Amino acid sequence: MHRGIFLTVEGGEGAGKTSVITLVSEFLSSSGYSVVTSREPGGIEIAEQIRSIILDTNHTKMEARTEALLYAAARRQHLVEKIVPALEQGQVVICDRFIDSSLAYQGYARGLGIDEVLTINQFAIDRLFPDLTLYLDVRPEEGLRRIHSRQGREINRLDLESLSFHQKVREGYLQLAERFADRIVIIDANRSMDEVFVDVKEQLQSFLDKQKP
Ligand code: TYD
């Protein structure tokens, strides 16, 4: 059994994951935890290479199952090379996206089926589900508005999807939050980062309190 804590942060485009991860990381570090942050798809060399294949805007021919399998493959390598060793050393791992992204994007929004995508991902993660997942829930209109007002951010293939796709992603996440209510908490991310972080801190604290023997 691992001794560390595995946290994931999930959300649609422009939900504010990056800011929340920075804040959570600072909060936990200042509370004495040793923190490692990572992201998916990517986090390590092999997975970053798979990421560049998946997110290449020229790859318009990429079929939905191919995409789902590539995400799962990148996840496996990232888990084995980076997440598991950090947890074994007792660290807190904060990962920007993990299995729930595949379930919401490929499983629900792309229509492959949450259960089908869960099956291939169970093969990939071998029961290593996050201990806590913060789902930053933002209306797609607000999320996309934030992204496009940010200067210099690269537009990837998935950003080009229609608003209705992002709406489906959100519906998928909300279903997952109900199904995996024991580990997923919903944070209302339509508000300012200060307000969001008050909630995030509260959720983290109550999670940490439950971990104490
Ligand atoms: P990225 O630029 O990292 O987006 P973000 O800043 O929103 O995290 O690109 C990651 C994209 O990959 C994002 O659109 C979500 C998508 N994705 C999936 O569809 N399935 C997955 O399993 C993962 C990890 C990401």
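The coordinates are above.
The structure displayed is predicted, hence computed values, not measured ones.

Engineer: Help me get a handle on the overall build of the protein chain, residues and values and all.
Structural biologist: Looking only at helices and strands, one finds 8 helices and 5 strands in the protein chain. Ordering the α and β elements of the protein chain from the N terminus gives β-α-β-α-α-β-α-α-β-α-α-β-α. For 213 residues, the compact-globule estimate of 2.2 N^0.38 gives 17 Å, and the protein chain sits close to it at 16 Å. The C-alpha extent of the protein chain, read off along each of the three principal axes, is 50 × 35 × 35 Å. Of all 213 residues assigned to the protein chain, the portion counted as buried reaches 51%.

Engineer: Run through the pairing of strand E4 (residues 132–137), naming residues and quoting values.
Structural biologist: For E4, a buried count of 6 out of 6 residues is recorded, marking the element as mostly surrounded by other parts of the structure. Both faces of E4 are covered, namely the face carrying Leu132, Leu134 and Leu136 and the face carrying Thr133, Tyr135 and Asp137. Relative to E4, strand E1 (residues 5–11) is paired through 5 bridges, and the arrangement is parallel. Its bridge partner being in E4, Thr8 is matched across the sheet by Thr133. Where E4 meets strand E5 (residues 184–188), 5 bridges bridge the pair, whose relative direction is parallel. The residue bridging Leu134 from the neighbouring strand is Val185, located in E5.

Engineer: I'd like a description of the site of the ligand, backed by residues and values.
Structural biologist: Close to the ligand lie 16 residues, the nearest being Lys17, Arg75, Arg97, Ser102 and Gln106. Separating an oxygen atom of the ligand from a side-chain N or O atom of Ser102 is a distance of 2.5 Å. For the ligand, a nitrogen atom lies 2.8 Å from a polar atom in the side chain of Gln106. Alone, the ligand offers 540 Å² of accessible surface; in the complex the protein occludes 91% of this. Those elements that place two or more of their residues in the shell around the ligand are helix H3 (64–88) and helix H4 (99–109).

Engineer: Describe helix H6 (residues 140–149), and please don't skip the residues or the numbers.
Structural biologist: Along H6, the residues classified as buried are Pro140, Glu142, Gly143, Leu144, Arg146 and Ile147. Residues of H6 that are buried make contact with helix H7 (163–179).

Engineer: Tell me about the packing of helix H5 (residues 114–125) against H7, and name the residues and values.
Structural biologist: Put simply, H5 and H7 touch, their axes get as near as 13 Å, and they point 70° apart. Here H5 is positioned roughly perpendicular relative to H7, judged by the angle of their axes. In this structure, H5 crosses over H7, and the sense of that crossing is right-handed. Between H5 and H7, the contacting residues are Ile114, Asp115 and Leu118 on the first element and Gln175, Leu176 and Arg179 on the second. A per-class count over the contact of H5 with H7 returns 3 nonpolar, 1 polar and 2 charged.

Engineer: Residue-level account of the pattern of salt bridges, with values.
Structural biologist: In this structure the tally under the stated criterion is 12 salt bridges. A salt bridge links Arg39 to Glu48; the nearest nitrogen and oxygen atoms lie 2.8 Å apart. Overall, Arg39 belongs to the partly exposed group, its relative accessible area being 33%. Glu48 gets classed as partly exposed once you look at its relative accessible area, which sits at 27%. The residue Asp188 makes a salt bridge to Arg191 at a minimum N-O spacing of 3.9 Å. A relative accessible area of 27% means that Arg191 is categorised as partly exposed. Each of the salt bridges in this network shares a partner with another, and the network as a whole consists of Glu142, Arg145 and Arg146.

Scoring rules and cut-offs
- Note on numbering: residues in each chain are counted from 1, in written sequence order.
- pLDDT decides what is reported in this predicted model: residues at 70 or higher carry local features, side-chain atom pairs at 80 or more are listed and counted, and totals for whole chains, interfaces and linings draw on all residues regardless.
- Hydrogen atoms and water are omitted, and side-chain values are computed over all heavy atoms in the structure.
- By the criteria applied, helices consist of DSSP H or I runs no shorter than four residues and strands consist of E runs no shorter than two, each listed in order from the N terminus.
- Each radius of gyration reported is based on C-alpha atoms, and the globular scaling rule is 2.2 Å times the count of residues to the power 0.38.
- Think of it in three bands: residues with accessible area under 20% of the maximum for their type are buried, residues over 50% are exposed, and the middle band is partly exposed, with areas taken using a 1.4 Å probe on protein chains only.
- At least two bridges found by DSSP between two strands is the condition for calling them paired.
- Here, proximity means that at least one heavy atom of the residue falls within 4 Å of the molecule or strand.
- Pairing of N or O atoms within 3.5 Å defines a polar contact, subject to two protein rules: one partner must be a possible hydrogen donor and the other a possible acceptor, and residues neighboring in sequence count only if both atoms are side-chain atoms.
- Here the accessible surface of atoms and residues is derived via Shrake-Rupley with a 1.4 Å probe, and residues count as covered only by protein chains that are part of the display.
- Should any heavy atoms of two residues lie within 4.5 Å, those residues are counted as being in contact.
- For every element, the axis is a line fit to its C-alpha atoms; helices are fit only across the contacting stretch, and the angle between N-to-C directions ranges from 0 to 180 degrees.
- Comment on the angle field: the value is read as roughly parallel under 35 degrees, roughly antiparallel over 145, roughly perpendicular from 65 to 115, and oblique elsewhere.
- By the definition used in this description, the sense in which the near helix is turned from the far one sets the handedness, with an anticlockwise turn below a right angle giving left-handed and a clockwise turn giving right-handed.
- Gly falls in the polar group here, along with every residue not listed as nonpolar (Ala, Val, Leu, Ile, Met, Phe, Trp, Tyr, Cys, Pro) or charged (Asp, Glu, Lys, Arg).
- The salt bridge definition used is simple: a Lys or Arg side-chain nitrogen within 4 Å of an Asp or Glu carboxyl oxygen.

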